[in-house]
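Examination of the molecular architecture
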Amino acid sequence: MKITEIQVPNYELVKKCEDPESGLHAIIAIHNTFLGPALGGMRMYPYASEDDAMTDVLRLSRGMTFKSAVAETGLGGGKSVIIGDPETQKTPQLLEAMAKFVDTFEGKYRTAEDSGTNVHDMVHIKKFTEYVTGLPLEMGSSGDPSPYTALGTFLGMRACVEERLGKDSFEGVHVALQGVGHVGMYLLDHLVKGGARVTVCDIRESTLQAVKTEFPDAQVVEPDTIYDVDCDIFSPNAMGAIINETTIPRLKCKIIAGAANNQLRDDEDGVRCREREILYAPDYVINAGGIINVSVELEEGGYNEERSRRKVHNIYNAVKEIIQISKDEQIPTAKAAYEIAMRKINARA
Ligand code: NAD
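Residues numbered from 1 in each chain as written. Predicted model: local features only at pLDDT ≥ 70, side-chain atom pairs only at ≥ 80, totals over all residues. Heavy atoms only, no water.

Its place among the elements puts Ser-295 in helix α9 (residues 289-297). Setting aside residues no more than four positions away along its own chain, Ser-295 makes contact with Thr-73 and Leu-75. (Helix = DSSP H or I, 4+ residues; strand = E, 2+ residues; numbered from the N terminus. Contact = heavy atoms within 4.5 Å.)

The tendency in soluble globular proteins is for nonpolar side chains to be buried as a group. Counting 63 residues, the largest nonpolar core has Phe-170, Val-175, Leu-188, Leu-191 and Ile-233 as its most contacted members. Per-element tally for this core: the top contributor is helix α4 (residues 146-165), with nine residues. Not counting chain neighbours up to four residues away, the residues in contact with Leu-191 comprise Phe-154, Met-157, Phe-170, Val-175, Leu-177, Ala-196 and Val-198. Leu-13, Cys-17, Ala-99 and Tyr-109 belong to the second-largest nonpolar core, a separate cluster that totals 24 residues. (Core = buried A, V, L, I, M, F, W, Y, C linked by side-chain atoms within 4.5 Å. Buried < 20%, exposed > 50% of the residue type's maximum accessible area, 1.4 Å probe, protein only.)

A word on the sheet that holds strand β12 (residues 255-256). The parallel open sheet is built from six strands, whose spatial order is β10-β9-β8-β11-β12-β13. Among the strands making up the open sheet, the edge pair consists of β10 (219-220) and β13 (279-280). Taken together, the two bridges between β12 and β13 define a ladder with parallel strand orientation. Considered in β13, the bridge of Ile-255 is made with Leu-279. (Pairing = 2+ DSSP bridges.)

This part is about the site of the ligand. What surrounds the ligand is a group of 23 residues, the closest being Thr-149, His-182, Asp-202, Ala-238 and Asn-261. Taking Arg-43, its side chain carries an N or O atom lying 3.1 Å from an oxygen atom of the ligand. Side-chain polar atom of Ser-146 to a nitrogen atom of the ligand: 3.4 Å apart, as the coordinates give it. In the complex, 84% of the free accessible area of the ligand, which totals 840 Å², lies under the protein chains. (Near = heavy atom within 4 Å. Polar contact = N/O pair within 3.5 Å; in protein donor to acceptor, adjacent residues only side chain to side chain. Areas by Shrake-Rupley, 256 points an atom, 1.4 Å probe, with all protein chains shown as cover.)

The next subject is the pairing of strand β6 (residues 76-83). The side chains of a regular strand alternate, first on one face of the sheet and then on the other. Counting buried residues along β6, eight of its eight residues qualify, which places the element largely inside the surrounding structure. Neither face of β6 is left uncovered, since the one carrying Gly-76, Gly-78, Ser-80 and Ile-82 and the one carrying Gly-77, Lys-79, Val-81 and Ile-83 both have all their residues buried. Pairing between strand β3 (residues 24-32) and β6: six bridges, direction antiparallel. Its bridge partner lying in β6, Ile-30 is registered against Gly-78.

So this is what it looks like as structure tokens:
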């Protein structure tokens, strides 16, 4: 196993691991640990190049720093990525090598499931390192983070609905969801139960079949037409960078609120949303439910579902505060969220 440290300005520690025996090719990035040990999921994805994987891990680990700062989880920001197809290249040997790579950080980085990995993978990883969270509830851990991410996103959306639509319920509110995977499906459930009208898209036929069976009133559209749906809320729950120069002019919504990470392609997109009078709920604020749930596992006394749900409800207040700052200072909501995060980080720096 060959581990190489890579110097990246403004990041505390970035290491690459290559292990020809197991086929592991991975990067772990720690962005910042001022507020606590870095925690962020382990993503497995068939990146086209190591450069692409590096870009992703750096963006994601930085986002984790801000997410945890705003949510006050007592954690710092980090993330890991494995280059490879989780469908065909994820083996017990590869996960064992990855666990040993995580272990070299001696607790400064802690992992959890993410896109391309799951709770079962974390159980296997636990055999080789103690620095793993998000294990099954039966193991005294916090389980699948997705329902908590969806709950937080729903509550953050509610704050936006009150502000932008002047309504205190989802009754008749039209939401267009891009992606109905782990988080999207739970979110859809909250929305339908709350009385919302929903339009969805996904690239997986099996997922759309499940939507049609469980939510027969949901309208399904082709993935590339979701940006054009005339709706109240556009909700990204699939990939990052989809709010950009090309998509913003197409949007016919009043609010953007979803769970996907890194929704804005760059800072200018926050300004563009504001110019179009679209209220953007900063992604790392409303999708923090999962990390909040995991952080409760690390608190004294261990995991407690009730405490976790209570903390996730704070996302509603966080979004309200951001909207207020954005109005008071006449700045994009994304900038207001960044200001809050930096204030909390600098207070401990
Ligand atoms: P997932 O892989 O289960 O779901 C993503 C869904 O999006 C899949 O159903 C996929 O088929 C679909 N999709 C992919 N490309 C698409 C496209 N072009 N158009 C429409 N649909 C497309 O992932 P998830 O765990 O539900 O996470 C969703 C997003 O939320 C990701 O950006 C993730 O980083 C973020 N997030 C997840 C959590 C969590 O707790 N799982 C926490 C914070 C943030």
